[in-house]
Amino acid sequence: MIINNIGADFVELKKFIATNMAEAMIKVKNELGSDAIILQTRRVKRGGFLGIGSKVYIEVTAMNEDKQNVPKPSQSRMTIANESSLQLKNELSDIKLALKSVNEKLSSVRRSGNFPEPFEHIHTKLIESGLSFSEATSIVEKTSQSMTPLEARDDEKISRALKMHFYGMVKTQRVAFSVPQKIIFVGPTGVGKTTTLAKIAAMLRIKEKLPLSILTLDTYRIAAAQQLKTYADIMHIPFKVIYTPQEAEEVSSSTNESLILMDTAGRSQKDAMKIEEISAYVRAIKPEMVFLTIDATKKRSDVEDVISHFMSIAPTHIIITKIDETSSLLGIMTSLANSKIPLSFVTNGQNVPEDIMYADELDISTLIVKEVLDK
Ligand SMILES: Nc1nc2c(ncn2[C@@H]2O[C@H](COP(=O)(O)OP(=O)(O)OP(=O)(O)O)[C@@H](O)[C@H]2O)c(=O)[nH]1
Ligand SMILES: [Mg+2]
């Protein structure tokens, strides 16, 4: 059987398929004569469906030397070499494509926990939200095992089961503000420390009517002190810029009649020296509370880095800012849960004083479940 006739410019190549070599040679001889040149023999599979039930044949590629217009031997060899390298290239690119698809399939198997739907989808979403494979697997296992097959078909029941799981994952604590008290805000640069301090000051001044004073230890930028002084002036709260830990100690211990809120300059968690400077202030002041402020838009790994580096300052509470700027809270909340530091406030906008809320476990679990179940 002649299956292909490669119409090269210079030479006519023919392919013969047979069940064995002897049969192939007879075919070549009958077609091209006994002077035919064998260029290639190989085993090929034919028939079947998707590779199942196919048979192995011998394929022989040959050419007739007597053919008219046969090129000079050197030219002929070059053409054949070109043909072979083209074929090789094609085969290589086929292999590459096949490898790529195997890799894709493997990585999807790695991401897959092989759970029945809808749990497989939930498992994938948990991983996309920043959980590790084993964290996601453990949540899906617990949730799916707590439900009957009938319940598992009910979206509402799944949502409730997940909410139960996430409820209480992060410990929240409503801060007990009182007078006298010293509270210091620490955290990386630009996370919203000053804005959040102003929001809390407004809440304590206007709603709780507590006597306050504000100190800033951020002397690095004139604008930073000015930003806070403006808020303090509007709310008629005494305000002072502090330059040394010693001064901080003197000023903060000189009054028993107010709740002192202290702002600090943002410190990159990567800058141990600068964190140590804040630490020196904290040792001098001995505040009752240290609020570590963290930006919700950061990656989970960055949040974990921040928490571990600021641990030397012994934060008593965490404040999560900018939740209005992210649609993914699960990763950051998991880091918080692991840190065991209670979450006290969540902020959701730039407006002072309104964009702040007490952290609430039910609200957090509702937001997380929405994130996980959103298609
Ligand atoms: N979207 C949004 N923006 C916020 C929130 N809180 C603060 N910001 C904005 O974040 C920016 C930085 O806020 P700051 O309060 O100056 O941050 P900081 O941590 O004091 O910054 P440094 O003192 O420079 O370290 C400002 O533009 C704020 O308006 C929030 O909850 N949501
Ligand atoms: Mg600031």
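It should be noted that the structure appears before, not after, this text.
This text gives an overview of the structure that appears in the document. Just so it is clear, the model here is predicted, and its values are computed rather than measured. (Residues numbered from 1 in each chain as written. Chains lettered and ligands numbered in written order. Predicted model: local features only at pLDDT ≥ 70, side-chain atom pairs only at ≥ 80, totals over all residues. Heavy atoms only, no water.)

### Observations regarding the environment of T196
Our working rule: Secondary structure elements follow DSSP: runs of H or I no shorter than four residues count as helices, runs of E no shorter than two count as strands, and numbering proceeds from the N terminus. Any two residues having at least one pair of non-hydrogen atoms within 4.5 Å are treated as being in contact.
Tracing the backbone shows T196 in helix α6 (residues 193–207). Contact partners of T196, with chain neighbours within four places excluded, come to F185, I319, T321, T347 and I356.

### Quick word on the site of ligand 1
Put simply, the rule is: When at least one non-hydrogen atom of a residue lies within 4 Å of a molecule or strand, that residue is treated as near it. Nitrogen and oxygen atoms within 3.5 Å of one another constitute a polar contact, given that in protein one can donate a hydrogen and the other can accept it, and given that sequence-neighbouring residues count only through two side-chain atoms. Amino acids outside the nonpolar list (Ala, Val, Leu, Ile, Met, Phe, Trp, Tyr, Cys, Pro) and the charged list (Asp, Glu, Lys, Arg) are all regarded as polar, and Gly is one of them.
Neighbouring residues of ligand 1: 19 residues in total, closest K193, T194, T195, D324 and T347. Between ligand 1 and G192 there is a distance of 2.9 Å, counted from an oxygen atom to a backbone nitrogen or oxygen. Interatomic distance of 2.9 Å between a side-chain N/O atom of Q350 and an oxygen atom of ligand 1. Per-element accounting of the shell around ligand 1 gives the leading share, 4 residues, to α6. Taken together, the residues of the shell around ligand 1 sort by class into 1 nonpolar, 11 polar and 7 charged.

### With respect to the nonpolar core
What counts, and what does not: To qualify as a nonpolar core, a set must consist of buried Ala, Val, Leu, Ile, Met, Phe, Trp, Tyr and Cys residues joined through side-chain atoms within 4.5 Å. Throughout, exposure labels follow a simple rule: accessible area from a 1.4 Å probe, protein chains only, divided by the maximum for the residue type, with under 20% read as buried, over 50% as exposed, and the rest as partly exposed. Each domain's extent was defined by an automatic or database domain assignment.
Counting 56 residues, the largest nonpolar core has L126 and L343 as the members making the most contacts within it. If you count residues domain by domain, this core takes at least three from each of domain 2 (112–166) and domain 3 (181–373). Once residues lying within four places of it in the same chain are set aside, the contact partners of L343 are V170, K171, T172, Q173, I318, I319, I320, M333, L336, A359 and I364. Of all hydrophobic cores here, the second largest spans 24 residues; its members include M203, L204, L228 and A232.

### Observations concerning the packing of aromatic side chains
What counts, and what does not: Pairing of aromatic side chains here covers Phe, Tyr and the six-membered ring of Trp, requires ring centres within 6.5 Å, and sorts the geometry by plane angle: under 30 degrees stacked, over 60 edge-to-face, intermediate tilted. A ring is considered to have a charge above it if a Lys NZ or an Arg CZ atom is located within 6 Å of its centre and within 35 degrees of its normal.
Going through the model one piece at a time under the given rule, you end up with 3 aromatic pairs. Judged by centre distance (5.2 Å) and plane angle (80°), the rings of F185 and F291 are edge-to-face. One end of the pair, F185, is in strand β5 (residues 181–186); the other, F291, is in strand β9 (residues 289–295), with 106 residues separating them in the sequence. This pair shows no difference in class: F185 is buried, exactly as F291 is. An aromatic cluster is built from F177, F345 and Y358, whose rings are joined through pairwise contacts. A cation over an aromatic ring shows up here: R174 above the ring of Y358, its NZ or CZ 3.7 Å from the ring centre.

### Focus: the pattern of salt bridges
In plain terms, the rule: Definition used for salt bridges: Asp or Glu carboxyl oxygen within 4 Å of a side-chain nitrogen of Lys or Arg.
Per the counting criterion, the structure on display carries 16 salt bridges. Across the salt bridge formed by K157 and D154, the nearest N and O atoms sit 3.6 Å from each other. Connected through salt bridges with shared partners, the residues K15, R42 and E59 form a single ionic network.

### A closer look at the environment of M289
Within the secondary structure, M289 is located in strand β9. Looking at M289, the relative accessible area reads 8%, which means it is buried. For the pair M289 and K182, spaced 107 residues apart in sequence, the C-alpha to C-alpha distance is 6.6 Å.

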